[in-house]
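Structure at a glance
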Amino acid sequence: MKGGVQSYPALLATALVLSIVLPSGGSPYAGIRLLIGFAVGALLVSAAARLLLGDRDRAGIAATIVVFYAFKGIDWRIAILLLFAIGLIVAERLAATRRPSRVPWPLAGRILNAVSVVLLVAVVLRSAGDGSLGPYLAAIRSEGPVALRDSVPTGTAAAGSPDVFLI
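Summary of the structure given here. (Residues numbered from 1 in each chain as written. Predicted model: local features only at pLDDT ≥ 70, side-chain atom pairs only at ≥ 80, totals over all residues. Heavy atoms only, no water.)

A separate point is a nonpolar patch on the surface. A surface patch of nonpolar side chains, amounting to about 290 Å² of accessible area, comprises I36, V40 and L44. Structurally, the position occupied by I36 is in helix α2 (residues 28-53). Residue I36 is classed as exposed on the basis of its relative accessible area of 51%. (Patch = residues over 30% accessible without salt bridge, like charges linked within 9 Å, V, L, I, M, F, W, Y side chains within 5 Å. Areas by Shrake-Rupley, 256 points an atom, 1.4 Å probe, with all protein chains shown as cover. Salt bridge = Lys/Arg side-chain N within 4 Å of Asp/Glu carboxyl O. Helix = DSSP H or I, 4+ residues; strand = E, 2+ residues; numbered from the N terminus. Buried < 20%, exposed > 50% of the residue type's maximum accessible area, 1.4 Å probe, protein only.)

What follows covers the packing of helix α1 (residues 8-24) against α2. It is at 8 Å that the axes of α1 and α2 come closest, and there the two elements cross at 155°. What the angle tells us is that α1 and α2 run roughly antiparallel. The two elements α1 and α2 cross, and the hand of that crossing is right-handed. Note on element contacts: α2 touches α1 through G31, L34, L35, F38, A39, A42, L43 and S46, opposite P9, A10, A13, T14, V17, L18 and V21. Residues belonging to the contact of α1 with α2 are distributed by class as follows: twelve nonpolar, three polar and no charged. (Axes fitted to C-alpha atoms, helices over the stretch in contact; angles between N-to-C directions. Parallel < 35°, antiparallel > 145°, perpendicular 65-115°, else oblique. Left-handed = near helix turned anticlockwise from the far one by under 90°. Contact = heavy atoms within 4.5 Å. Nonpolar A, V, L, I, M, F, W, Y, C, P; charged D, E, K, R; others polar.)

What follows deals with the nonpolar core. Note that soluble globular proteins tend to have their nonpolar side chains buried in a common cluster. By size, the foremost hydrophobic cluster in this structure holds eleven residues: A15, V17, L18, V21, L22, L35, L120, V123, L133, Y136 and I140. Every element with two or more residues in this core is listed here: α1, α5 (105-130) and α6 (133-143). If one sorts the elements of this core by residue count, α1 sits on top with five residues. Contact partners of L35, with chain neighbours within four places excluded, come to T14, V17 and L18. (Core = buried A, V, L, I, M, F, W, Y, C linked by side-chain atoms within 4.5 Å.)

Bringing the pattern of salt bridges into the picture now. Tallied over the entire structure, the rule returns two salt bridges. For R58, the salt bridge is made with D55, and the minimal N-O distance between the two is 2.9 Å. Here R58 and E92 are joined by a salt bridge, their closest N and O atoms 2.6 Å apart. Placement of the pair is R58 in helix α3 (residues 56-72) and E92 in helix α4 (residues 76-96), with a sequence separation of 34 residues. Of the residues examined, E92 reaches a relative accessible area of 18% and is grouped as buried. If you follow the salt bridges from partner to partner, you end up with D55, R58 and E92 in one network.

This is how it looks when you write it as structure tokens:
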């Protein structure tokens, strides 16, 4: 078993979450938790598939199928189709133990890695183009740590003014 886990299931999950979170106008910190959760979940599924299949390239494709299912929702027709696809990957892996596989799995992994990076860049560029990225970054700056915020005006109160103001 050489190599680790494929990263493109996590990149794909990140792109799919960003395509929902950026235009929503929701809190960026809820979106960041969602991003981290789905990316880590995709990596964990990829690692589990790696252990089960013994091959990082097949495991990456199986994890990508699971990521698509997680975003599609619970539809039994899609679930059957995706389980069938995972079954084909497992059957091909078992057949490859008797004779070498003719499927170029490493090439498929490199292509899916490039596609997921392009998809992630496309989601960010689309959000920058339609204006939804700017408010998202502004919300991070205004809701985030003090170091990210714009400078707060300071001044001294007049000698006779109250210490507390009620508005």
